Amino acid sequence: MIYRANIICTPTPERFKILEHGYVVVNDDGRIQGVYESLPDSFVSTPVTDFGDCLLIPAFCDMHVHAPQYRNLGLALDEELLPWLQKYTFPEEMKFSDIRYAERIYRRFVHELWMQGTMRSAVFATIHPQATDLLAALFEEAGMSAYVGLVAMNRNCPDQLTNTAEDACTYYQDAFQRQTDLVKPILTPRFIPACTPDMLSRIGQLAASSGMPVQSHLSENLSEVEWVQSLEVEASCYGDAYNRYGLFGQTPTLMAHCCYTDGEELRLLRDNGVFVVHCPTSNSNLASGMAPIRHFLNEGVKVALGTDVSAGHYLSMLRVIQYAIQISKLHYAQSRGKVKYLSLSEAFYLATKSGGAFFGKVGSFEPGYMFDALVVDDSYLNYDNYSLEHRIERYIYLGDDRDIRHRFCNGKELKEICYE
Ligand code: GUN
Ligand code: FE
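Residues numbered from 1 in each chain as written. Chains lettered and ligands numbered in written order. Predicted model: local features only at pLDDT ≥ 70, side-chain atom pairs only at ≥ 80, totals over all residues. Heavy atoms only, no water.

Peer 1: Tell me what's going on with the layout of surface pockets, and back it up with residues and numbers.
Peer 2: Taken as a whole, the largest pocket encloses approximately 360 Å³ of empty space. Along the walls of the largest pocket sit 19 residues, with Arg120, Asp181, Leu182, Met370 and Asn410 positioned nearest its centre. In terms of residues, the lining of the largest pocket owes the most to one element, strand E7 (residues 145-149), which gives 3 residues. Its residues assigned to classes, the lining of the largest pocket comprises 8 nonpolar, 4 polar and 7 charged. Approximately 250 Å³ is the volume found for the second largest pocket. What lines the second largest pocket is a set of 14 residues, among which Pro13, Leu297, Tyr349, Leu350 and Ser354 lie closest to the centre. Among the elements of the structure, strand E14 (302-305) and helix H12 (344-356) are those that each provide at least two residues to the lining of the second largest pocket. At 5 residues, the largest contribution of residues to the lining of the second largest pocket is made by H12. Along the lines of polarity and charge, the residues of the lining of the second largest pocket split into 8 nonpolar, 2 polar and 4 charged. (1 Å grid on protein atoms, 1.4 Å probe; cavity = no way out; pocket = protein on both sides within 12 Å on 5 of 7 lines; lining within 4 Å. Points joined across faces, edges and corners; volume = space filled by probe spheres on them. Helix = DSSP H or I, 4+ residues; strand = E, 2+ residues; numbered from the N terminus. Nonpolar A, V, L, I, M, F, W, Y, C, P; charged D, E, K, R; others polar.)

Rendered as structure tokens:
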């Protein structure tokens, strides 16, 4: 297939690569063959799908999101992390023992990810195997790619919301056997306070023997960090606690938040190749803190972005890009100009190519990359011959899902699946 449009992507964070009315040639396997300013002669007989004056951008990667918290979107944000979990989040997650309830909420969740142009995600489900399988099946049906994690948790949470290391590991192993190109399991110990040392070490052993990836939460909030220090007295820092259980980059690892990461923890992140998933909407809503993203980038730590719904109040990665930039500007001002803020292209890179790397060659328009793309019709914003640089900026700040005309994942166009 050949697509023609205004092509915009970030092969490197420093600047957008922009081709006005350029061409992307996509092979039958969904990988990009090449990106061209004008079409080479060898393709003249291949039909071209022309998207006119639309923008063609990489689809987004949401690298930290809780599907069972979807019903709580936009509410219950008057507490900090630990009371928020007990008061609002655990009671909602308990409902997912009812598969009919789970189906109703998960269908809406997957549909909205599709709407918002998020074609890849790393998702927390709940402790419930049946509901988690259903969520994985819904991604598969939609044609969207996801790492879906059954949550493992067995302390400091309500009895109805606990499983055992055995339950969780049996589930992960079965799901690993059934994984597909698009949808795969991910080991998901909720966070240190919710998992006993025995549970953590058994999940760590499974990571080592299977190679399965890991996702969890790290240094999100000060009370949480203190609590972990009292639970894991031998660890040099919160990150070291995960590391001692083999859950910190021994296999590909995503750690959400890292608002209070520095020193030894930062070195461990970098040396072990762990991704920090920055969730700026969540960190604002729960008054958690400002993650030192510029410091991470300077020190060579990998960074991706996540909505962290429902601590994050919106499922759109456009909003997360915006908040990441705005919070970095507050950080800049507070540091009296010492800490450089994120540029638009840097934040866009984090939401596309940087997070996409967790899935392989994803998130950019370059030879060998999977064609994950959004066709954006911004004509109502582009009423006065804006440059393409300004059009992508205006789309990020002012646009939304209504402007997306087509969505592609792995080279395939994904049509809307209507529910209810
Ligand atoms: N830490 C442990 N569980 C959660 C959760 O569900 N959301 C957030 N933001 N942090 C957590
Ligand atoms: Fe989270």
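Peer 1: Would you mind going over the site of ligand 1 in detail, with residue names and values included?
Peer 2: Neighbouring residues of ligand 1: His66, Gln69, Leu81, Trp84, Leu85, Arg190, Phe191, His217, Glu220, His257, Asp308 and Ala311. At 2.9 Å from an oxygen atom of ligand 1 is found a side-chain nitrogen or oxygen belonging to Gln69. One nitrogen or oxygen atom from the side chain of His217 is found 3.5 Å from a nitrogen atom belonging to ligand 1. In terms of residue count, the dominant contributor to the shell around ligand 1 is helix H1 (residues 81-94) (3 residues). (Near = heavy atom within 4 Å. Polar contact = N/O pair within 3.5 Å; in protein donor to acceptor, adjacent residues only side chain to side chain.)

Peer 1: Summarise the side chain of Ser310; cite the residues concerned and give the values.
Peer 2: Within the secondary structure, Ser310 is located in the loop between E14 and helix H11 (317-334). Taking relative accessible area as the criterion, Ser310 reaches 0% and is therefore assigned buried. With residues up to four places along the chain from it excluded, the contact list for Ser310 reads Gln69, Asn72, Leu73, Leu77 and Trp84. (Buried < 20%, exposed > 50% of the residue type's maximum accessible area, 1.4 Å probe, protein only. Contact = heavy atoms within 4.5 Å.)

Peer 1: How would you explain the coordination of the iron ion (ligand 2) if you had to name every residue and give the values?
Peer 2: Bound to the iron ion (ligand 2) on the protein side are His64 (NE2), His66 (NE2), His217 (NE2) and Asp308 (OD), at distances that span 2.1 to 2.3 Å. Here the donor residues of the iron ion (ligand 2) are spaced in sequence according to H-x1-H-x150-H-x90-D. On the criterion of sequence distance, the pair formed by His64 in strand E5 (residues 60-66) and Asp308 in the loop between E14 and H11 is long-range, its members being 244 residues apart. Accessibility classification places His64 together with Asp308 in one group, the buried group. (Donors = N, O, S within 2.8 Å, 3.2 Å for Na, K, Ca; no water.)

Peer 1: If you had to explain the sheet that holds strand E12 (residues 253-257) to someone new, which residues and values would you point to?
Peer 2: Across the sheet, 4 strands lie side by side as E11-E12-E13-E14; this open sheet has parallel pairing. Each edge of the open sheet carries a strand with a single partner, namely strand E11 (214-218) and E14. Put simply, the sheet's adjacent strands are angled 30° from each other on average, direction ignored. When E11 meets E12, the two strands line up parallel, connected through 5 bridges. Paired with Ser216 across the two strands is Met255, which belongs to E12. (Pairing = 2+ DSSP bridges. Axes fitted to C-alpha atoms, helices over the stretch in contact; angles between N-to-C directions.)

Peer 1: I'd like a description of helix H6 (residues 222-231), backed by residues and values.
Peer 2: Those residues of H6 lying buried are Glu224, Val225 and Val228. Viewed end-on, H6 has its buried residues packed into an arc of 100°, placing them on one side of the element. Of the exposed residues in H6, the ones pointing more than 90 degrees away from its buried face are Glu226, Gln229 and Ser230. Buried-residue contacts for H6 involve H1 and helix H7 (238-244). Capping the start of H6, Asn221 holds a side-chain oxygen 2.8 Å from the backbone nitrogen of Ser223, two or three residues further along. (Arc of directions from axis to C-beta.)

Peer 1: Quick one: what's the story with the packing of aromatic side chains, residue by residue and with numbers?
Peer 2: For the structure shown, the criterion picks out 21 aromatic pairs. Between the aromatic rings of Tyr3 and Phe371, the centroid separation amounts to 5.1 Å while the plane-to-plane angle is 5°, which identifies the pairing as stacked. Of this pair, Tyr3 sits in strand E1 (residues 2-12) while Phe371 is found in the loop between H12 and strand E15 (373-376), placing the two residues 368 residues apart along the sequence. Since its relative accessible area comes to 5%, Tyr3 is described here as buried. Residue classification places Phe371 among the buried residues on the basis of a relative accessible area of 0%. Its guanidinium or amino end placed over the ring of Tyr386, Arg394 lies 4.2 Å from that ring's centre, counting from NZ or CZ. The residue whose ring lies beneath Arg407 is Trp114, and the NZ or CZ to ring-centre distance is 3.8 Å. (Phe/Tyr/Trp six-rings, centres within 6.5 Å; stacked < 30°, edge-to-face > 60°. Lys NZ or Arg CZ within 6 Å of the ring centre and 35° of its normal.)

Peer 1: Just give me the short version of the environment of Cys9, but keep the residues and values in it.
Peer 2: Residue placement: Cys9 occurs in strand E1. Overall, Cys9 belongs to the buried group, its relative accessible area being 1%. The sequence separation of Cys9 and Thr352 amounts to 343 residues, and the corresponding C-alpha distance is 8.5 Å. For Cys9, the residues in contact, after removing those within four places along its chain, are Arg15, Phe16, Lys17, Pro58, Phe348, Ser364 and Phe365.

Peer 1: Mind laying out unusual backbone geometry, listing which residues take part and the relevant values?
Peer 2: Trans peptide bonds make up most of the peptide bonds, and negative phi angles are found at most residues other than glycine. Here the bond from Val309 into Ser310 is cis, since omega is 5°, no more than 30 degrees from zero. Positioned with a positive phi, Asn385 is a non-glycine residue whose angle comes to about 50°. Examined against the element boundaries, Asn385 turns out to sit in the loop between E15 and helix H13 (388-398). Unlike most non-glycine residues, Asn410 shows phi in positive territory, near 55°.

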